[in-house]
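Residues per chain are reported as follows:
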Amino acid sequence: MVLIIQLDSLRFHLFLWIASAVCWCISLNAISSEKIIVRWYADLQIEDLVDNRSSEIDTESKQLNLLFQQLSNSYDIELNSLSIAQGLKQVKDDSTLSCVSNAIKTPERLNYTVYSEPFQLTLSHQLIFLKNNKWVEAGIKNFIANGNVDLKSLVLNHRPMGVGVSQGRSYGKILDEIFESKEVFKRIYWRGAQEKTAGLFQMLRRGRLDYIVEYPDVINHLAKQVKGNQEVVGFPILNNKEYIVSYIACSNNSAGKTLVARIDEILKKLGKSKQYFDVMKTPYLRSSLSSFTKAYNEVFLP
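About the cut-offs
- Numbering of residues begins from 1 in every chain and follows the order in which that chain's sequence is written.
- It should be noted that, the model being predicted, local features are given only for residues of pLDDT at least 70 and side-chain atom pairs only at 80 or more, the latter also being counted only at that level, while totals for whole chains, interfaces and linings use all residues.
- Side-chain figures throughout are based on the complete set of non-hydrogen atoms in the structure, without hydrogens or water.
- Note on conventions: DSSP H or I runs of at least 4 residues are helices, E runs of at least 2 residues are strands, and numbering of each starts at the N terminus.
- The Shrake-Rupley method, run with a 1.4 Å probe, gives the accessible areas here. Residue values count only the displayed protein chains as cover.
- For this analysis, residues touch if any pair of their heavy atoms sits within 4.5 Å.
- Paired rings are identified among Phe, Tyr and Trp, the last through its six-membered ring, by centres lying within 6.5 Å, and are further divided according to the angle between planes into stacked (under 30 degrees), edge-to-face (over 60) and tilted (the rest).
- Relative accessibility thresholds used throughout: buried, under 20% of the residue-type maximum; exposed, over 50%; partly exposed, between the two (1.4 Å probe, protein chains only).
- Lysine NZ or arginine CZ positioned within 6 Å of the ring centre and within 35 degrees of the ring normal marks a charge as sitting over the ring.
- Angles here are taken between N-to-C directions and fall from 0 to 180 degrees, while the axes themselves are lines fitted to C-alpha atoms, restricted in helices to the stretch in contact.
- Throughout, the term roughly parallel applies to angles under 35 degrees, roughly antiparallel to angles over 145, roughly perpendicular to angles from 65 to 115, and oblique to all others.
- If you view the pair so one helix is near and one far, a crossing is left-handed when the near helix is turned anticlockwise from the far one by less than a right angle, and right-handed when it is turned clockwise.
- Following the grouping adopted for this structure description, the nonpolar residues are Ala, Val, Leu, Ile, Met, Phe, Trp, Tyr, Cys and Pro, the charged ones are Asp, Glu, Lys and Arg, and the polar ones are all others, Gly among them.
- Remark: nonpolar core denotes a set of buried residues (Ala, Val, Leu, Ile, Met, Phe, Trp, Tyr, Cys) joined through side-chain atoms within 4.5 Å.
- The salt bridge criterion pairs a side-chain nitrogen of Lys or Arg with a carboxyl oxygen of Asp or Glu, the two atoms within 4 Å.

Draft legend 1. Fine view of the overall build of the protein chain. A tally of regular secondary structure across the protein chain gives 13 helices and 13 strands. Within the structure as shown, the protein chain displays about 16,900 Å² of accessible surface, and the carbon and sulfur contribution to it stands at 53%.

Draft legend 2. Main features of the environment of Val 91. Along the chain, Val 91 turns up in helix H4 (residues 84-93). Residues Val 91 and Ser 251 lie 160 residues apart in sequence; the distance between their C-alpha atoms is 6.0 Å. Those residues in contact with Val 91 that lie beyond four places of it in its chain are Tyr 41, Ser 98, Cys 99, Val 100, Tyr 112, Thr 113, Cys 250 and Ser 251.

Draft legend 3. Structural context of the packing of aromatic side chains. The final tally for this structure, using the stated rule, is 12 aromatic pairs. With centroids separated by 4.9 Å and ring planes inclined at 80°, the aromatic side chains of Trp 40 and Phe 68 adopt a geometry described as edge-to-face. A residue pair is termed long-range when its members are at least 10 positions apart, and Trp 40 in strand S1 (residues 36-42) and Phe 68 in helix H3 (residues 60-71) qualify at 28 residues. The pair formed by Trp 40 and Phe 68 is uniform in burial state, with each residue classed as buried. The interplanar angle of 80° and the centroid separation of 5.2 Å between the aromatic rings of Tyr 171 and Phe 179 together place this pair among those described as edge-to-face. Directly above the ring of Tyr 247 sits Lys 105, whose terminal nitrogen or CZ lies 4.6 Å from the centroid. One Lys or Arg, Arg 169, reaches over the ring of Tyr 171 and ends 4.4 Å from the middle of that ring.

Draft legend 4. Spotlight on the packing of H3 against helix H11 (residues 254-271). The geometry of H3 relative to H11 is characterised by a closest axis approach of 10 Å and an angle of 125° between their N-to-C directions. Looking at the two axes, H3 sits oblique to H11. When the axes of H3 and H11 are compared, the crossing they make is right-handed. On the side of H3, the interface is formed by Leu 66, Leu 67, Gln 70 and Leu 71, while H11 contributes Leu 259, Arg 262, Ile 263, Ile 266 and Leu 270. Taken together, the residues that form the contact of H3 with H11 break down as seven nonpolar, one polar and one charged.

Draft legend 5. Seen up close, the nonpolar core. If you look at the biggest cluster of nonpolar residues, it comprises 44 residues, and the most contacted ones within it are Trp 40 and Leu 121. Ranked by size, the runner-up nonpolar core spans 20 residues in total, among them Ile 140, Val 149, Val 184 and Tyr 211.

Draft legend 6. Looking closely at the pattern of salt bridges. A full pass over the atoms with the stated rule returns 12 salt bridges. Across the salt bridge formed by Asp 210 and Arg 159, the nearest N and O atoms sit 2.7 Å from each other. You can see Asp 210 sitting in the loop between helix H9 (196-205) and strand S11 (211-214) and its partner Arg 159 sitting in the loop between helix H6 (151-157) and strand S9 (163-166), a full 51 residues away along the chain. Under the relative-accessibility criterion, Arg 159 is labelled partly exposed at 33%. A salt bridge links Arg 262 to Glu 265; the nearest nitrogen and oxygen atoms lie 3.0 Å apart. Of this pair, Arg 262 and Glu 265 both sit in helix H11, three residues apart, roughly one helical turn.

Draft legend 7. The arrangement of the side chain of Asp 94 in detail. As for its position among the elements, Asp 94 is in the loop between H4 and strand S3 (98-103). With relative accessibility at 17%, the residue Asp 94 sits in the buried group. Here Asp 94 is in contact with Arg 39 and Ser 251, once residues within four sequence places are set aside.

Keep in mind these numbers describe shape, not what the thing actually does.
Put into structure tokens, the structure is as follows:
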């Protein structure tokens, strides 16, 4: 009788141990299957990403779709439409996990973000003006050498507020240093309103500005939308890089570093694919494709 009771007690305890082990495993599986939430900031229309569409000039939504498809098993992306500058401020203030796409590296930003491998490649900014504006064309001649314009000298010797740029964005190390120098800063027109690029182009067309600094293909796209197709001219800027590389910047914490490591794996594979190249070359005119292809090979296929 005593033996039977002991056996029953043993079976009961064994059952409890197995049941607790099963519950523990189920609990672990449930925890491991939970997706990590990422607040993602991008300077685009959310519906473009959801519908996998974009204008011919904006390839970011299609690039993000390719990336998000491979992140979706582990991460729940909460997408927010904000300018890059505003998105970076959110990342800086967020102690959990957030990212911004299409961000340029700067020393200050590296203090609070961790950057991915290259995400986007763009042929660099140029000094843009309207074609057949004789006064403006004459004014630039003294500042051009070997096809490049000396932007700093032009700004300092041209009429104040004659050159327009967008406020709250980085133009890369060389141009940022020019714009932020005291003597240049006060002579430039800084546009800080919404639709900055389109607004600057409208000011250029109306004669309120003589020049703007922008990506040539962005301006070509805006010019095509004008009735009669407004023609523009662009000059490369002296000492400026031929192209600009932008990245994905995430929170500088353990969660951000883990996410960026995974993003790097994906971007390295995407960068070697024809699909990614075809998406990124979409905005460029035939005359620019050779320069773009050369730059792409340097960045994504070194």
